[in-house]
Amino acid sequence: MKTAAPPKVVAVYGFLGSGKTTLMLNLARKAAAANRKSAVLINEAGDVPVDGKLFTVNGLAVREIFGGCICCSLGGDFIETLKAMLGIPKLDYIFVEPSGMADARQLFHSIQKHLKVPISRIMLLDGPRLPLLLKAASGILTRQFEAAEIVLLNKVDAMTRDRLAEAQELLVSFGIRGRVGHISAKNGLPKGLEEEILA
Amino acid sequence: MNFSSASRKWTVSNGGFEPQVLITIFLQSVAKHLPREALGHAKIYVEFDGGAAFGSSTLIPDELHVQTTGTFSEGDIRIGAALIFGDVERSILLAALEIAEHDVETQLKCRMLTPGDMNHGT
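Everything numeric in this text was worked out from a predicted model, so none of it was measured.

## Here we look at the overall build of chain B
Right, on to step 1. Helix and strand counts for chain B stand at 3 helices and 5 strands.
Right, on to step 2. Each helix and strand of chain B, placed in order from N terminus to C terminus, yields the pattern β-α-β-β-β-β-α-α.
Right, on to step 3. Taken over the C-alpha trace, chain B has a radius of gyration of 14 Å; the compact-globule value for 122 residues is 14 Å, and the two agree within 12%.
Right, on to step 4. For chain B, the proportion of its 122 residues judged to be buried stands at 40%.

## Topic: the overall build of chain A
Right, on to step 1. Per the secondary structure count, chain A includes 8 helices and 7 strands.
Right, on to step 2. Here chain A has a C-alpha radius of gyration of 16 Å; the compact-globule value for 199 residues is 16 Å, and the two agree.
Right, on to step 3. Projected onto the principal axes, the alpha-carbon positions of chain A cover approximately 55 × 35 × 35 Å.
Right, on to step 4. For chain A, the proportion of its 199 residues judged to be buried stands at 44%.
Right, on to step 5. The contacts of chain A with a sequence gap of at least 6 include a subset with a gap of at least 24, amounting to 77%.

## Brief notes about the sheet that holds strand S1 (residues 8–14) of chain A
All names here are of chain A.
Right, on to step 1. Spatially, S3-S2-S4-S1-S5-S6-S7 is the arrangement adopted by the 7 strands of the open sheet, whose pairing is parallel. Each edge of the open sheet is held by one strand with a lone partner, namely strand S3 (61–66) and strand S7 (180–182). Taken pair by pair, the neighbouring strands of this sheet meet at an average axis angle of 20°, ignoring direction.
Right, on to step 2. Packed on one face of the sheet, helix H6 (residues 138–147) meets S1, strand S5 (119–126) and strand S6 (150–154) and runs near 140° to S5.

## Regarding the interface of chain A and chain B
Right, on to step 1. With 23 residues of chain A at the interface, the matching set in chain B holds 27 residues.
Right, on to step 2. Those elements giving two or more residues to the side of chain A that touches chain B turn out to be helix H2 (50–57) and helix H5 (130–136) of chain A.
Right, on to step 3. Of the residues forming the side of chain A that touches chain B, the biggest block, 4 residues, is contributed by H2 of chain A.
Right, on to step 4. Looking at the side of chain A that touches chain B, its residues break down into 14 nonpolar, 4 polar and 5 charged.

## Describing the confidence of the model for chain A
Right, on to step 1. Averaged over every residue, the pLDDT of chain A is 89; the share at 70 or more is 94%.
Right, on to step 2. Ranking the elements of chain A by mean pLDDT puts helix H4 (residues 104–114) of chain A last with 86 and strand S4 (residues 93–97) of chain A first with 96.

## Some details on helix H7 (residues 161–173) of chain A
Right, on to step 1. When the terminal C-alpha atoms of H7 of chain A are compared, their 19 Å separation across 13 residues agrees well with the 18 Å that a helix rising 1.5 Å per residue should span.
Right, on to step 2. Among the residues trailing H7 of chain A, Gly-175 of chain A stands out with phi positive, at a value near 100°.

## Description of the pairing of strand S2 (residues 39–48) of chain B
The side chains of a regular strand alternate, residue by residue, between the two faces of the sheet.
Right, on to step 1. Judged by how many residues are buried, S2 of chain B sits mostly within the fold: 9 of 10 residues are covered.
Right, on to step 2. Between S2 of chain B and strand S3 (residues 51–57) of chain B, which pair antiparallel in sequence order, lie 2 residues; one of them, Gly-50 of chain B, sits at a positive phi of approximately 95°.

What counts as what
Residues numbered from 1 in each chain as written. Chains lettered and ligands numbered in written order. Predicted model: local features only at pLDDT ≥ 70, side-chain atom pairs only at ≥ 80, totals over all residues. Helix = DSSP H or I, 4+ residues; strand = E, 2+ residues; numbered from the N terminus. Rg over C-alpha atoms; globule rule 2.2 N^0.38 Å. Buried ≥ 20, exposed ≤ 12 C-beta atoms within 10 Å, placed from the backbone. Contact = placed C-beta atoms within 7 Å. Pairing = 2+ DSSP bridges. Axes fitted to C-alpha atoms, helices over the stretch in contact; angles between N-to-C directions. Nonpolar A, V, L, I, M, F, W, Y, C, P; charged D, E, K, R; others polar. pLDDT = per-residue confidence, 0-100. Expected span 1.5 Å × (residues − 1).

Here's what the structure looks like:
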């Protein structure tokens, strides 16, 4: 008997305020429009479920892990929760949102070690704050870059052409030489990129 | 970078104002009272019968992102807010939440009750 394919796991991560929730919501809506079912696993840094409520009112099944960070102190809870979600029947996508301070490299290593499932890794960068972030949070960003499959510079709608060119130069000087997509998550993704992520 | 977070929940009885207005006042107040270049995220939801409004801001630049599902007409609202910032002490985040609460109460002439307030019958 043929076994149903497990849901595709898509992790959207990035520093606090980079637009992870907005992008995930857009991707889930796109999936829903194609009659695909999504669920969300999020790590809320505090104990008030702001993002969880946003996903819930938009009709998504949500699992939340509160406080701490799923890349370290809550790693066991995260793995167990994701494992349980992988068994949900007729689910097409699981969108994972680590907290904005997560060590993505450690998190994905842990998933590979314990669950052995492929995971799409999308890193978001807040374009307007990029100079400040690269200066003040370079350690976290370096580990996030190292774990990324796709890097997206978000909120480009709020940047002038000069600021965008400056951001590109900063990324190169930081050692990011691969493809960096430019997006405005709140306005939707370019069609090809959406298809690439949800493929 | 060391991260701190602070969060709180409230209810407001029969608020006669749009949830988006409350969100804007709240986030602008938080932005005013945190260090100018603090790196992090302020988030808030306002839940009402038939929907909810959500707001978030990185404070740099002073951008506010508000989205709403459903239509607010009247009745009690439930509010939750969370601040997560790097290299800002938790005491400063808690103070920002209190100041924002005060600013909302003053400008919207309402009372934001925490679960503790309600347990004590105030």
